[in-house]
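Survey of secondary and tertiary structure
Spelled out from the first residue to the last, the chains are:
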Amino acid sequence: MNDQTPTSAQRAEALQGMGCRRKRVEDIRFVQGKGNYVDDLKLPGMLYGDLVRSPHAHARVKKIDTSKAAAVPGVVAVITAETLKTVNLAWMPTLAGDVQMVLADGKVLFQNQEVAFVIAESREAAADGVDLVEVEYEQLPCNVDPLKAMAADAPVIREDIKDKKEGAHGPRKHYNHVFSWAAGDKAATDAAFAKAEVTIKELIVYPRVHPCPLETCQCVASFDKIKGELTLWGTFQAPHVIRTVGSLISKIPEHKIHVIAPDIGGGFGNKVGAYSGYICAIVASIVTGRPVKWVEDRIENLSTTAFARDFHMETEIACTKDGKVLGLRCYTIADHGAFDACANATKWPAGLFSIISGSYDFPVAHCLVDGVYTNKAPGGVAYRCSFRVTEAAYAVERAMDIMAQKLGMDPAEFRLKNLIRREQFPYTSAFGWQYDSGDYHTALNKAVETVGYRKLREEQKAKQEAFRRGETREVMGIGVAFFTEIVGAGPSRNCDILGIAMFDSAEIRIHPTGTGICRLGTKSQGQGHETTYAQIIASELGIAADNITVEEGNTDTAPYGLGTYGSRSTPVSGAATAMACRKIKAKAQMIAAYMLEVHDDDLEWDIDRFRVKGNPERHKTMTELAWAAYHEVPPGMEPGLEAVNYYDPPNFTFPFGAYICVVDIDVDTGESKVRRFYALDDCGTRINPMIIEGQIHGGLTEAFGIAMGQEIHYDADGNVTTASLMDYFLPTAVETPRWETDWTTTPSPHHPIGAKGVGESPNVGGVPCFSNAVNDAFKFLGSTHIQMPHDAWRTWSAAEKLGLHG
Amino acid sequence: MAKSQISLSVNGKTVEALVEPRTLLIHFLREQLMLTGPHIGCETSHCGACTVDLDGKSVKSCTMFAVQANGADVRTIEGMAAADGSLHVLQEAFREMHGLQCGFCTPGMITRAYRLLQENPSPSEDEIRMGISGNLCRCTGYQNIVKAIQYAAAKISGVPFREAAE
Amino acid sequence: MIPGAFTYHRPTSVAEAVGLLTDLGEDARPLAGGHSLIPMMKLRLATPAHLIDLAGLKDLKGVSTDGNDVVIGAMTTQHELIGNDLLAGKVPLLREVSLMIADPQVRYVGTLGGNVANGDPGNDMPAVMMCLGATYEVAGKGGKRRIAAREFYQGAYFTALEPGEIVTAIRIPAPPAGHGCAYEKLKRKVGDYATAAAAVVLTTSGGRVASCSIGLTNVAETPLWAEEAARILNGSALDVATVKKAVAAAEAITSPASDRRGTPQYRTKMAGVMLTRALARAKSRAGS
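Residues numbered from 1 in each chain as written. Chains lettered and ligands numbered in written order. Predicted model: local features only at pLDDT ≥ 70, side-chain atom pairs only at ≥ 80, totals over all residues.

**Some remarks on the overall build of chain A**
Looking only at helices and strands, chain A features 19 helices and 35 strands. For chain A, the C-alpha radius of gyration of 28 Å lies close to 28 Å, the compact-globule estimate for 806 residues. Burial analysis of chain A (806 residues in total) assigns 62% to the buried set. Intrachain contacts of chain A at a sequence separation of at least 6 include 80% that bridge at least 24 residues. (Helix = DSSP H or I, 4+ residues; strand = E, 2+ residues; numbered from the N terminus. Rg over C-alpha atoms; globule rule 2.2 N^0.38 Å. Buried ≥ 20, exposed ≤ 12 C-beta atoms within 10 Å, placed from the backbone. Contact = placed C-beta atoms within 7 Å.)

Encoded structure:
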């Protein structure tokens, strides 16, 4: 050892392992415009597909005349449901146990529903063909109000299952009913409410919104007639699931289907399920023998692909008069659109909604969800929701604020009084979830301290008095939100998608020269997996992150996985990565012992090497051991240095956070300006703080959009009025607030590296924080609940109702 | 439909091509010239993912026909790096400041940021935000994009970059 | 996403452009910046068989003066307006309005002519031109003529232009030195059309309004010149009561569409709020 020998700190730093702000690997190609997205793909002989869509929300399809379209020069074929019936694909199964029309089969059930697929030599010819398909419709009365879906005279949406009394999730109580799902203890909860001193009840609506990633959904399908094999490139957050489902419905054997998800321009849950365009492109490729590309445009994306939310939640809290919560009750009508295509785990038709008791020590609780069909697009689970966690968090956080107001208590104080205490962990909620770890009071107190909450309340009080005196036309709101979310789906006893358990995987191979490759069953759409998984490996194996290639998305080479959504990658594949590393490390240790002629137990790990205890100069680095693995293994041991792990998580993980927002509202225009937004997140072990911050910024910006103006709105005739970016509110850099991020770290005790996942937290906590802030601004004038979105005209209308415009 | 002959300069190279009048500039760039850097995110001219630099102007290439670009000098993200392959300071800056996640808005964003800094070499934060208001991003929340542009502006001007505390 | 097919023409003179538009009639549309027309073509809401690109008409560019008038070529872009020092000095209202139109990319390409001639009630410049008392110079097969902005707008997408005519220039009488002006635009986000907007140009004398002109954007099928509201303010000190009366008169001529920007009731009220704020700002900028 001499001055040139790197210190252990230097060696650790050189690895760029967990905890450092490693610059992203994927950026190198993205900043040069060399990403590889689906629409960048151009194959020889490739055709283009485009969809004919229904202008009506509910109608019979009397006739489809494709002759003029077929005559357009360049149009090769036009497919309708009749064509698909010949291969039994006019309908496809959904992830939620329902069936969905691929192309209109006698009826259309929502505006812009797919009716026919035109295949042509060029985009232009396909578009011209779409224009010339003539469809004769007979309009039917429609219903887009979920609260009216189960009326006795409601229009029948699903004639195909009209008389079916049993659905995929149990009995159906009405022809427009999808499922009933309940959790918790109804009797005990009702009893608690009956005796409670104070109760509140509010219909809290989380409107229909849409994840709207910047890249729309698209695919290229290429069926090789000679080999009988299908290659499918697509925007797939769960490529293996697409392969398995694709095989089941097309009857092409699974080993002859190659699904490749290349770079994806944002997913946010929009790209989990299968869409008509994918199926039509596959059939078109089989029929024509040529590759077929389908790329939807933005209006198609917003009006027909997986929407999010549309939960109408009648939420109640029971409390003692000095502010101790006694019970929570919630009845929800869930609008599923025309088909139940929700991307939930099989046993959970309402996802993980029963996280609705949130971060509070409710002794009893009960929730009941009724799913209904309406003449709207299918979907429901998307947009950083962790399977309905966003809906649950919004309901409980608004309800807690409403209760605090009724009690005359400060919202932060009321929460501190009821948060689950550190000593109570692991905590079993009234719904049976075992929250593995948490330190909620520390987090909320840190948030309150950091923003100077007391001073803000004083300022607010002064401003309220000034408003009353007519000195200002601005009101100030302070929003508090505390959330616990449940992510990392999930344990096989709880979670499966169409029967496939929700484990995930990592396969790591170290090459002779000490670098390696890791392939996983997850699929990044911007989360930086190529960078972060390598950091885990660097810390576990002592190989520099720069020396590990990370690959996802090719189903031929990646081990089976359930994909990336619901913040599951780190909890599940991150764990698999660590476990695979530990197998490799164990083997490396045996090789080292053999080379150093000591017993395994005589060795200790030192950042990037095994060294002999008490004699550190005798060591073998992982690089040396990699080389040795290929020629100098102990007798009886297989050569090579690789491992695969399929990780079945023992539990979900429970990231949490405390968010505080200050908003100033112009009463005369209804415009809100976010003055400050502070977000404290606890995601357990922090693998790359830079990437975590980026996730929080992005999620909060989505939450801001949702709370302050996003809505997929239908008029009474079923027309989508917000289907383009003119009207679907995506904030620009000008509207978007500046974000302050902070953290605490409460590692997950059951996760190999203590990490919990973070991608969805900001959407879970952000929306209630914004909404609570706007609501808080008007409390002093007697307002208890103003519905989202808080766009200017609605906020103004609330002010008008309060008589503020003189 | 009769095609038109166009001739223009793209990333410093002269290009001659035959296009239908209705061929959008973005499709011409992506499909005929195989420059798949600029992307398509909408059909109503809102998102800016298709932004290119044309005759010294930031232009949404989805809202222009290729025939209108006859005789023009067009630069896309592919033309930002130097001839020897070294990245433009903006490209480095976006990486340094984590100004991208999925990468889809990035080519248009960097191309726009380039022209923004030509218009105004020392923009304030508000000027940057207004300056990129024609470019939507769904992943980053813009905060690190703003930092990236500030970093690049400082580097180009030769002044030290001081990151505002979050 | 893909427009219908069309034949592309690129005339090199106004006469040629007008000739083509007249001969081809309804099948032809002029193409200026294209940022209103091309999006409509991509949605196939507009399907012209012929596009007459005006980009080759150098005569339609530039800003000049003619006596007290400022004359702006119709093909001048918003970006060029913003950067023009002559305009900044003589008609400062224009730069303020231009900066509120769309986004940087659209402003590089979108033209003043396109913004005023389209007849889209959402465009900002029409109400501003009515407020300024501008005149549009028009060329057609029958020759040249001038149409006052205040008489130009007849309905949504309906203007006083005859078939075959194009706006070649916009002529604005420069407001007197020391005037105050403001454009207050309420919008959902940067780049959006107005929920409601008000343009005000006024002069004061001895603390009282000597002249006043008001334009309102996107609160009716056409831009509005609020003549009565302005008349009420003349001679006043812009006191609260008089402003209230003027606001009522302005609200009375609105009939906004109901869309995602808000209910008609809200938009009418916002026209009033924008007017109030524009008046205050214009007054604070006025010279005497």
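**Details of the sheet that holds strand 6 (residues 107–108) of chain A**
All names here are of chain A. Taken in spatial order, the three strands make up an open sheet running 6-2-8, and their pairing is antiparallel. In this open sheet, the two strands that pair with only one neighbour each are strand 6 and strand 8 (134–139). Examined bridge by bridge, strand 2 (residues 59–65) and strand 6 share two bridges and lie antiparallel to one another. Across the sheet, the residue bridging to A59 is V108, located in strand 6. (Pairing = 2+ DSSP bridges.)

**Observations regarding the interface of chain B and chain C**
One frequent convention defines the size of an interface as the accessible area lost when the parts assemble. The partner chain C presents 22 residues to the 20 residues of chain B that form the contact. Of the residues that constitute the side of chain B that touches chain C, the class distribution is five nonpolar, eleven polar and four charged. (Nonpolar A, V, L, I, M, F, W, Y, C, P; charged D, E, K, R; others polar.)

**Focus on the interface of chain B and chain A**
Counting from both sides, the interface comprises 45 residues of chain B and, opposite them, 43 residues of chain A. Grouping the amino acids of the side of chain B that touches chain A by side-chain chemistry returns 19 nonpolar, 17 polar and nine charged.

**Concerning the pairing of strand 2 of chain A**
Here is the key point about a regular strand: its side chains alternate between the two faces of the sheet. In this structure, strand 2 of chain A lies alongside strand 8 of chain A, joined through six bridges in antiparallel fashion. Within strand 8 of chain A, the residue paired with A:V61 across the bridge is A:Y137.

**Things to note about the sheet that holds strand 33 (residues 656–666) of chain A**
All names here are of chain A. Spatial strand order, 23-33-34-35: four strands in an open sheet with mixed pairing. Edge strands, defined here as strands with exactly one partner in the open sheet, are strand 23 (474–484) and strand 35 (740–743). In this sheet, neighbouring strand axes are inclined to one another by 15 degrees on average, regardless of whether the strands run parallel or antiparallel. Strand direction decides the pairing type here: strand 34 (residues 672–682) and strand 35, joined by four bridges, are parallel. Its bridge partner lying in strand 35, A679 is registered against T741. (Axes fitted to C-alpha atoms, helices over the stretch in contact; angles between N-to-C directions.)

**Describing the nonpolar core**
One finds A:L103, A:V118, A:I537, C:V200 and C:I214 to be the most contacted residues of the largest nonpolar core, which totals 421 residues. Once residues lying within four places of it in the same chain are set aside, the contact partners of C:V200 are C:C181, C:A182, C:I214, C:A278, C:L279 and C:A282. (Core = buried A, V, L, I, M, F, W, Y, C linked by C-beta atoms within 7 Å.)

**What about the packing of helix 15 (residues 569–596) of chain A against helix 16 (residues 622–629) of chain A?**
All names here are of chain A. It is the contact of helix 15 with helix 16, at a shortest axis distance of 10 Å, that shows an interaxial angle of 85 degrees. Relative to helix 16, the element helix 15 is oriented roughly perpendicular. In contact with A588, I591, A592 and M595 of helix 15, helix 16 contributes M622, L625, A628 and A629. In the contact of helix 15 with helix 16, the residues fall into eight nonpolar, no polar and no charged. (Parallel < 35°, antiparallel > 145°, perpendicular 65-115°, else oblique.)

**Here's the deal with the environment of B:S157**
Residues and elements named next belong to chain B. Within the secondary structure layout, S157 lies in helix 5 (residues 143–157). On the basis of neighbour counts, which here come to 12 C-beta atoms within 10 Å, the residue S157 falls in the exposed class. Spatially, the C-alpha atoms of S157 and V146 are 16 Å apart, while their sequence positions differ by eleven residues. Aside from chain neighbours lying at most four places away, what touches S157 is P121 and S122.

**Focus on the domain arrangement of chain A**
Residues and elements named next belong to chain A. What the domain assignment reports for chain A is domain 1 (10–36 + 490–647), domain 2 (41–140 + 212–304) and domain 3 (449–484 + 653–806). Put simply, the middle of domain 1 and the middle of domain 3, counted by C-alpha atoms, are 39 Å apart. Of the residues lining the interface, 19 residues belong to domain 1; the matching set on domain 3 comes to 17 residues. Of all the secondary-structure elements, those providing two or more residues to the side of domain 1 that touches domain 3 are helix 14 (529–541) and helix 15. For the side of domain 1 that touches domain 3, the leading source of residues is helix 15, giving six residues. Residue composition of the side of domain 1 that touches domain 3, grouped by class: six nonpolar, ten polar and three charged. (Domains from an automatic or database assignment.)

**Observations concerning the domain arrangement of chain C**
Residues and elements named next belong to chain C. Domain parsing of chain C yields domain 1 (7–56), domain 2 (58–173) and domain 3 (180–285). Placing the centre of domain 1 and that of domain 2 at their C-alpha centroids yields a distance of 18 Å. Opposite the twelve residues of domain 1 that make contact, domain 2 presents 19 residues. A per-element tally of the side of domain 1 that touches domain 2 places helix 1 (residues 14–24) first, with five residues. Across the side of domain 1 that touches domain 2, the residue classes break down as seven nonpolar, five polar and no charged.

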